[in-house]
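# Close look at the chain arrangement
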Amino acid sequence: MAETMKVADSLPMWIIAMLVVGTVIFQAVMFIRIASRASADVGMTKSEVRAAVRTGAISSLGPSFAIIIVAISLITFIGNPVTLMRIGIVGSAPIETVGASLGAQAAGADLGSPEFSPQAFTNAIWVMTLGGMGWLLFTALFTKSLGKMEARVAKKKSNVTLMKAVSTAAMIGAFSYLGGSEMVKGVNESIVFVIAFLVMPVILWASNRFKASWLKEWSLGLIIVVGISVGYILL
């Protein structure tokens, strides 16, 4: 594990990560500049543009803090550069966590275990990269066609219901696989998983009941805190 973390936090990894994150920052700056220039065409004043940018920046704090909680746990497993690079590109902490776990398990090791070798680390990176590549390619190639596709799918309510069911089932299956692999390790692991499983619906219910959408963004981070707390008490 120590050898793996040396590779994960090495200078080449930092250089690659900073190049990727730098590209993301450059895109964000360019989008803001283009939007500011186009604001006059839609009747927006400069003060309204500044207010919109400020509102967007503030509203992004909630989801960002939720991602940070998950990212901190990932740092201990895959190092700072890779975590920064993956979260900076995709921004989906749950997907990156699943990808890293599946990649390591495919190489015969668990994240953070003594068997987590540089080969397992490399495999985890490949899974995360290939898993996120589909989103980026689809966005680049089919963004203009999404409106037409959505209109066609929405014509039949059964299609919309089916797509929701498939996507939900896929996520449940992925997290059930990860949770089940932990439950077989012992009673304490099973208790942590069951409690986390029961708390998540409560968080989602509270988000809908009190119209606190930020709770949904924080849900995974809160569950991690709950799991860590229960595990600490049991141990």
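Shown above is the structure to which this text applies.
A brief structural summary. Numbering of residues starts from 1 in every chain and runs along the sequence as written. Note on the predicted model: pLDDT of at least 70 is required for a residue's local features to be given, and 80 or more for side-chain atom pairs to be given and counted; whole-chain, interface and lining totals, by contrast, use all residues. Only hydrogens and water are removed before side-chain values are computed, so all heavy atoms of the structure are retained for them.

Secondary structure elements follow DSSP: runs of H or I of four or more residues count as helices, runs of E of two or more count as strands, with numbering from the N terminus. Across its full length, the protein holds 11 helices and 0 strands. Counting from the amino terminus, the protein carries its helices and strands in the arrangement α-α-α-α-α-α-α-α-α-α-α. To sort residues, take the accessible area from a 1.4 Å probe on protein chains only and compare it with the maximum for the residue type: under 20% means buried, over 50% means exposed, and anything in between is partly exposed. Buried positions account for 24% of the 235 residues belonging to the protein. For the protein, long-range pairs separated by at least 24 residues make up 64% of all intrachain contacts whose partners lie at least 6 apart in sequence. Contacts: residue pairs with any heavy atoms within 4.5 Å of one another.

Pairing of aromatic side chains requires ring centres within 6.5 Å, counting the rings of Phe and Tyr and the six-membered ring of Trp. Pairs whose planes differ by under 30 degrees are stacked, by over 60 edge-to-face, and all others tilted. Applying the stated criterion across every chain yields a total of 3 aromatic pairs. In this scheme, Lys NZ or Arg CZ marks a charge over a ring once it lies within 6 Å of the ring centre and within 35 degrees of the ring normal. Just above the ring of Phe-210 sits the side chain of Arg-209; from NZ or CZ to the centre is 5.5 Å.

On to the pattern of salt bridges, then. We define a salt bridge as a side-chain nitrogen of Lys or Arg found within 4 Å of a carboxyl oxygen belonging to Asp or Glu. Taken as a whole and judged by the stated rule, the model has 1 salt bridge. The salt bridge involving Asp-110 is made with Lys-185; its shortest N-O contact spans 3.4 Å. Of this pair, Asp-110 sits in the loop between helix H6 (93–106) and helix H7 (118–142) while Lys-185 sits in the loop between helix H9 (157–183) and helix H10 (187–209), and the two are 75 residues apart along the sequence.

So, about H7. Working note: α-helix, 3.6 residues per turn, so residues spaced by three or four point in the same direction. With 25 residues, H7 should cover 36 Å at 1.5 Å per step; its first-to-last C-alpha distance of 36 Å lies within 8% of that length. Restricting attention to buried positions, one finds in H7 the residues Pro-118, Ala-120, Phe-121, Ala-124, Ile-125, Met-128 and Gly-132. Helix span is expected to be 1.5 Å times the residue number reduced by one.

It is the contact of helix H5 (residues 80–89) with H7, at a shortest axis distance of 11 Å, that shows an interaxial angle of 15°. Considering the angle they form, H5 stands roughly parallel to H7. As for how H5 packs across H7, the hand of that crossing is left-handed. Across the interface between the two elements, Val-82, Arg-86 and Ile-89 from H5 touch Phe-121, Ile-125, Met-128, Thr-129, Gly-132 and Leu-136 from H7. Residue classes follow a fixed rule: Ala, Val, Leu, Ile, Met, Phe, Trp, Tyr, Cys and Pro count as nonpolar, while Asp, Glu, Lys and Arg count as charged, and any other residue, Gly among them, counts as polar. Its residues placed into classes, the contact of H5 with H7 shows 6 nonpolar, 2 polar and 1 charged. To obtain each axis, a line is fitted to C-alpha atoms, and for helices this fit is confined to the stretch in contact; angles are then taken between N-to-C directions over 0 to 180 degrees. Should an angle fall under 35 degrees it is called roughly parallel, over 145 degrees roughly antiparallel, and 65 to 115 degrees roughly perpendicular, with every other angle called oblique. In this scheme, a crossing is called left-handed if the near helix is turned counterclockwise away from the far one by less than a right angle; it is called right-handed if the turn is clockwise.

In globular proteins that are soluble, nonpolar side chains generally tend to be buried together. Formed by 17 residues in total, the largest nonpolar core has its most connected members in Ile-78, Val-82, Leu-111, Phe-116, Phe-121, Ile-125 and Met-128. Broken down by secondary-structure element, the contributors of at least two residues to this core are helix H1 (2–8), helix H4 (61–78), H5, H6 and H7. Element by element, the count of residues in this core is highest for H7, at 4 residues. What Val-82 contacts, discounting residues up to four positions off in sequence, is Met-13, Phe-121, Ile-125 and Met-128. Core analysis: the second largest hydrophobic core is formed by 6 residues, Ala-196, Ile-203, Ala-212 and Leu-215 among them. Among the buried residues, those of types Ala, Val, Leu, Ile, Met, Phe, Trp, Tyr and Cys that are joined through side-chain atoms within 4.5 Å form a nonpolar core.

With that out of the way, let us pick up the environment of Val-199. Relative to the helices and strands, Val-199 is located in helix H10. For Val-199, a relative accessible area of 24% puts it in the partly exposed group. A sequence separation of 28 residues divides Val-199 from Gly-227, and the C-alpha atoms of the two residues are 9.8 Å apart. In contact with Val-199, not counting residues within four places along its chain, are Ile-223 and Val-226.

Attention shifts here to the environment of Gly-173. Residue position: Gly-173 is located in helix H9. In the structure, Gly-173 is positioned 29 residues away from Lys-144 in sequence and 31 Å away in space, judged by C-alpha atoms.

An ideal rise of 1.5 Å per residue puts 40 Å on 28 residues; helix H2 (residues 11–38) measures up with 41 Å between its terminal C-alpha atoms. Buried residues along H2 sit in contact with H1, H5 and H7.

Looking now at a nonpolar patch on the surface. Judged by side-chain polarity, Trp-126, Leu-130, Met-133, Leu-137, Phe-138, Leu-141, Phe-142, Leu-146 and Met-149 come together as a nonpolar surface patch covering roughly 880 Å² of accessible area. Secondary-structure elements contributing two or more residues to the nonpolar patch are H7 and helix H8 (146–154). If one sorts the elements of the nonpolar patch by residue count, H7 sits on top with 7 residues. As for its position among the elements, Phe-142 is in helix H7. Patch membership is restricted to residues that have no salt bridge and whose relative accessible area is over 30%. Joining uses 9 Å for like charges and 5 Å for the nonpolar side chains Val, Leu, Ile, Met, Phe, Trp and Tyr. Note on areas: Shrake-Rupley with a 1.4 Å probe; residue coverage comes only from the protein chains shown.

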